[in-house]
Amino acid sequence: NCLSISHHRGPDENGVFTDEKNHITIGMNRLSILDIKNGQQPLFSQDGRYCIIFNGEIVNSEDLKIKLKKKGITFKTKNSDTEVLLYMLITFGESCLKDLNGMFAFCFYDLLKREIFLARDRFGIKPLYFFFKSNVFAFASELKTLTTLYENQLEINNQSFSDYLSLMYIPSPNTIFKNIFKLGAGEKINFGLDDKKIV
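Bear in mind the structure is a predicted one, so any value in this text is a computation, not a measurement.

The rules behind each value
- Per chain, residue numbering runs from 1 following the sequence as it is written.
- In view of the model being predicted, local features appear only for residues whose pLDDT reaches at least 70, and side-chain atom pairs are presented and counted only at 80 or more, with totals across whole chains, interfaces and linings using the full set of residues.
- Based on all heavy atoms of the structure, the side-chain values leave hydrogens and waters out of the count.
- The criterion is simple. A nonpolar core is a set of buried Ala, Val, Leu, Ile, Met, Phe, Trp, Tyr and Cys residues joined through side-chain atoms within 4.5 Å.
- Only protein chains enter the accessibility calculation, which uses a 1.4 Å probe; a residue is then buried when its area is under 20% of its type maximum, exposed when over 50%, and partly exposed in between.
- The numbering of helices and of strands both runs from the N terminus, where a helix is a DSSP run of H or I of at least 4 residues and a strand a run of E of at least 2.
- Contacts are assigned to residue pairs with any non-hydrogen atoms lying within 4.5 Å of each other.
- Whenever a nitrogen or oxygen atom comes within 3.5 Å of another N or O atom, the pair is scored as a polar contact, on the condition that within protein one atom can donate a hydrogen and the other can accept it, and that pairs from neighbouring residues in sequence are kept only if both atoms are in side chains.
- We place a 1 Å grid over just the protein atoms. Points where a 1.4 Å probe fits but has no way out form a cavity, open points with protein on both sides within 12 Å along at least 5 of 7 lines form a pocket, and any residue with an atom within 4 Å of a point lines it.
- Grid points are joined across faces, edges and corners, and a volume is the space filled by probe spheres set on the points.
- Amino acid classes used here: Ala, Val, Leu, Ile, Met, Phe, Trp, Tyr, Cys and Pro are nonpolar; Asp, Glu, Lys and Arg are charged; the rest, including Gly, are polar.
- Any two strands between which DSSP finds at least two bridges are classified as paired.
- Pairs were defined over the aromatic rings of Phe, Tyr and Trp, the Trp ring being its six-membered one, requiring ring centres within 6.5 Å. Orientation was assigned from the angle between planes: stacked under 30 degrees, edge-to-face over 60, tilted for the rest.
- In our convention, an over-ring charge means Lys NZ or Arg CZ found within 6 Å of a ring centre and within 35 degrees of that ring's normal.

This part takes up the nonpolar core. One finds L89 and F106 to be the most contacted residues of the largest nonpolar core, which totals 23 residues. Ranked by residue count, the leading element in this core is helix α3 (residues 81-92), at 6 residues. Apart from residues lying up to four places away in sequence, F106 is in contact with I52, I53, F54, L85, L89, L97, F117, L118, A119 and L128. F17, I24, L128 and I189 belong to the second-largest nonpolar core, a separate cluster that totals 18 residues.

As structure tokens, this is what we get:
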């Protein structure tokens, strides 16, 4: 169970959503800081089309919330920056990333278009790793979550090993393993469930 592997990252609460039709499961361990009562994740849009899990903090979320309210958006939570991020993405798309002041890594899932969008803050404070092999796509905030889930499918990346010996670190997007990558600071990717491609 991937949530038990990463339990220490969010000991207060966890949540799982499984979209059986599209063969996708999204889970989140949460450290309850903002909107303790109503901020459970995964969080869904009111029409049920969009789903988000979010690790981090959007410092200017109150200002963004005012901007969204002027566009007629209503909120079910009192002060959840996760819900603000959800509706920023719904309303403005990927371009909203430039308006976010904070540290974050998140997954935004469009159930209708069957697309996953992952992004990371520009300073790379919050980590995000992903696994992709034989049409299997997975992501996590820690490398060990993915290595535990896919330990039988992993191989050492010789170039990464060489880089580590010469540079004392492994440059993004590589990790020590083939087929596991790290999203770089300020980077984003889209994964389509239909074409099984990362763009």
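That shown, we press on.
Once that is clear, we can look at helix α5 (residues 158-167). By the N-cap criterion, in which a side-chain oxygen at the helix start approaches the backbone nitrogen of a residue two or three places on, α5 is capped by N157, the distance to Q159 being 3.0 Å. M168 occupies a position one or two residues after α5 and carries a positive phi of about 70°.

A word on the layout of surface pockets. Looking at the second largest pocket, its volume works out to about 240 Å³. Taken together, R49, Y50, L89, I90, G93, E94, F108, D110, K113, E115, F117 and N190 make up the full set of residues lining the second largest pocket. A per-class count over the lining of the second largest pocket returns 5 nonpolar, 2 polar and 5 charged.

One open sheet accounts for 5 strands, arranged β3-β4-β5-β6-β10; its pairing is antiparallel. Where the open sheet ends on each side, the last strands, each with one partner, are β3 (43-44) and β10 (188-192). In this structure, strand β6 (residues 115-120) lies alongside β10, joined through 5 bridges in antiparallel fashion. Bridge pairing links E115 to G192 in β10.

Moving on to the packing of aromatic side chains. A complete count under the given rule lists 11 aromatic pairs for this structure. Look at F17 and F44: their rings are 4.9 Å apart centre to centre, the planes differ by 85°, and that puts the pair in the edge-to-face class. Taken together, the positions of F17 in strand β1 (residues 13-19) and F44 in strand β3 put the pair 27 residues apart, joining distant regions of the chain. Assessed through its relative accessible area of 17%, F17 is described here as buried. For F44, a relative accessible area of 23% corresponds to the partly exposed category. Ring plane angle 35° and centroid distance 5.9 Å describe the contact between F104 and F106, whose orientation is recorded as tilted. A relative accessible area of 4% means that F104 is categorised as buried. For F106, a relative accessible area of 2% corresponds to the buried category. Here the aromatic residues F130, F132, F137, F181 and F191 are joined through ring pairs into a cluster of three or more. Directly above the aromatic system of F75 lies the positively charged group of K65, at a separation of 5.0 Å from the ring centroid.

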